[in-house]
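Understanding the architecture of this molecule
Listed below, chain by chain, are the residues.
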Amino acid sequence: MLKRWLCHAEVTIDLECLDPILVKSGQPTIDGPDMVPVVSMRSGEREYFIPGSSLKGAFRSHTEKLIRTLKPNSVCAPYIETSQDADSLNDLHQSCSTALRPKQKAEAYRLSCPTCRTFGSLSFGGRLSPSDALPVGPKPIVEERDGVAIDRFTGGAVRGAKFNMLVITAGTFRTTLTLRNFEFWQLGIVHILIEDLSQGLIRIGSGKSRGLGRVKGNLVNYKVSYVKPQEELCGIGELCTPEERRSYGFHLAEYRTPSLGEPQVRGLQHVYNITDRYHEFSPVLAKAFIDFVEQGYKPDWLTQIKRGVR
Ligand SMILES: [Zn+2]
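Cut-offs and rules
Residues numbered from 1 in each chain as written. Predicted model: local features only at pLDDT ≥ 70, side-chain atom pairs only at ≥ 80, totals over all residues. Heavy atoms only, no water. Salt bridge = Lys/Arg side-chain N within 4 Å of Asp/Glu carboxyl O. Helix = DSSP H or I, 4+ residues; strand = E, 2+ residues; numbered from the N terminus. Buried < 20%, exposed > 50% of the residue type's maximum accessible area, 1.4 Å probe, protein only. Patch = residues over 30% accessible without salt bridge, like charges linked within 9 Å, V, L, I, M, F, W, Y side chains within 5 Å. Areas by Shrake-Rupley, 256 points an atom, 1.4 Å probe, with all protein chains shown as cover. Donors = N, O, S within 2.8 Å, 3.2 Å for Na, K, Ca; no water. Tetrahedral: all angles 85-135°; square planar, octahedral: opposite > 155°, others 65-115°. pLDDT = per-residue confidence, 0-100. Contact = heavy atoms within 4.5 Å. Polar contact = N/O pair within 3.5 Å; in protein donor to acceptor, adjacent residues only side chain to side chain. Bend = angle between axes of the 7 residues up to and from the residue. Core = buried A, V, L, I, M, F, W, Y, C linked by side-chain atoms within 4.5 Å. Phe/Tyr/Trp six-rings, centres within 6.5 Å; stacked < 30°, edge-to-face > 60°.

Opposite charge on two side chains lets them pair, provided their charged atoms get close. Per the stated rule, a full pass over the model turns up 10 salt bridges. A salt bridge links Glu 107 to Arg 110; its shortest N-O distance comes to 4.0 Å. Of this pair, Glu 107 and Arg 110 both sit in helix α3 (residues 105-111), separated by three residues, roughly a single helical turn. You can call Arg 110 partly exposed: its relative accessible area is 31%.

Together, Trp 5, Val 227 and Leu 268 line one region of the surface with nonpolar side chains, adding up to about 280 Å² of accessible area. With respect to the element layout, Trp 5 can be found in the segment before β1 (7-17).

Now for the coordination of the zinc ion. Each pair of donors in an ideal four-coordinate tetrahedral metal site encloses 109.5 degrees, whereas pairs in an ideal six-coordinate octahedral site enclose 90 or 180 degrees. For the zinc ion, every protein donor is listed as Cys 76 (SG), Cys 96 (SG), Cys 113 (SG) and Cys 116 (SG), and the spread of their distances is 2.3 Å. What the four donor atoms of the zinc ion show is an angle range of 105 to 115 degrees at the metal, which sorts the shape as tetrahedral. One chain supplies every donor to the zinc ion, and in sequence these donors are spaced C-x19-C-x16-C-x2-C. With Cys 96 in helix α2 (residues 96-100) and Cys 113 in the loop between α3 and α4 (114-119), this residue pair connects regions lying 17 residues apart in the sequence.

With that out of the way, let us pick up the confidence of the model for the protein chain. The pLDDT averaged across the protein chain works out to 83; a share of 81% of its residues lies at or above 70. This model gives residues 83-90 a pLDDT under 50, and the stretch forms four contacts once residues within four places in sequence are excluded.

By the element assignment, His 62 lies in helix α1 (residues 52-70). Ignoring any residue separated from it by four or fewer positions in sequence, one finds His 62 in contact with Leu 193, Asp 196, Leu 201 and Ile 202.

For Ser 225, the position within the fold is in strand β7 (residues 215-226). Judged by its relative accessible area of 5%, Ser 225 is buried. Within the local environment of Ser 225, its side chain forms a polar contact with the side chain of Gln 269, the two groups lying 3.5 Å apart. Once you skip the residues sitting within four places of it in the chain, Ser 225 turns out to touch Trp 5, Leu 6, Cys 7, His 8, Gln 269, His 270 and Val 271.

In this section: helix α8 (residues 278-296). Remark: the principal bend of α8, roughly 25 degrees, maps to Val 284. At its buried positions, α8 is contacted by α1, α4, α5 (184-198) and β7.

Counting 74 residues, the largest nonpolar core has Tyr 222, Tyr 226 and Leu 233 as its most contacted members. Tallying contributions element by element places α5 first for this core, with nine residues. In this structure Leu 233 touches Phe 184, Leu 187, Val 224, Tyr 226, Thr 257, Leu 260, Phe 281 and Leu 285, once residues within four positions along its chain are discounted.

Once that is clear, we can look at the environment of Leu 15. Tracing the sequence through the fold places Leu 15 in strand β1. With 119 residues separating them in the primary sequence, Leu 15 and Leu 134 have C-alpha atoms 9.7 Å apart. With residues up to four places along the chain from it excluded, the contact list for Leu 15 reads Leu 55, Gly 171, Thr 172, Phe 173, Thr 175, Leu 197, Val 215, Lys 216 and Gly 217.

Scanning the model with the defined rule gives eight aromatic pairs in all. Measuring from centroid to centroid gives 5.9 Å for Phe 184 and Tyr 255, while their planes differ by 20 degrees, and the two rings are stacked. In this pair, Phe 184 sits in helix α5 while Tyr 255 sits in the loop between α7 (242-248) and β8 (264-266), placing the two residues 71 residues apart along the sequence. For Phe 184, a relative accessible area of 3% translates into the label buried. Ring centres 5.1 Å apart and planes at 5 degrees place the aromatic pair Tyr 248 and Phe 250 in the stacked group. Using a relative accessible area of 5% as the deciding quantity, one classes Phe 250 as buried. Through a chain of ring-to-ring contacts, three or more aromatic side chains come together here, namely Tyr 109, Phe 124, Tyr 248 and Phe 250.

With that settled, the discussion passes to the environment of Gln 264. With respect to the element layout, Gln 264 can be found in strand β8. For Gln 264, a relative accessible area of 45% gives the class partly exposed. Distance from Gln 264 to Ser 225, taken between C-alpha atoms, is 9.3 Å for residues 39 residues apart in sequence. In contact with Gln 264, not counting residues within four places along its chain, are Gln 269, His 270 and Val 271.

Now the structure itself:
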């Protein structure tokens, strides 16, 4: 999206295991546990890590829930494929990927729901991407646990369906969320993820209903970069041309934020480190996100597309 580099944010977060976590590799071992976490080799040693794609899925689903809470029917159902003739289905259950696939990138972005705009769809890549979370500090502790498959009809154990799994019971993993050419309200999504992670409200990996996957996030570093120096925090809607804004439907934010202070100049980038002052920016970022969902985005998009209004 946009063949120009206008703004960029990098947010590094440490994720500490509160409950055992299992991000399944999908490869049962021959004589070991049936379910094992993803692992790679580094310096000749096995190293467990949390893939960025798993984090992205957890963050996306958490954001979808929040947006639906603020305004019902305002996000699509990304995994539902509907036929061309979808009259019998509820329009609001169609996904942006299905509905907007034939359209040009700018138009697809303009018509997409807030989560597809941020995390991507089949029409364009996402603005927000987390890196793989690698262990930091003491080596993570891994233990084997037993599990029993539950019969969904009787609620009892399924005979002969015992399995064992390897879970990470203690450890801290570091990830960096990168947000490229972001809109101002999308920094509000990052803000909510930081806050909810800090309260242990987001679970990652498998077995969430078995009590697995709760992590606590601690903000390590928060940097925002612009090619041109800025007085205040802003997004692509304030930096692009009026034509680009119309074409992509970027939301223009009209908020005052605390001063960004003096940048560090790195090549062409003006880098502002707001890690220690992050909470000064929190109220305006939360407000921008809520305002965009409640007022800046129209939830009747699919009905309008089908009727040819847009
Ligand atoms: Zn969508």
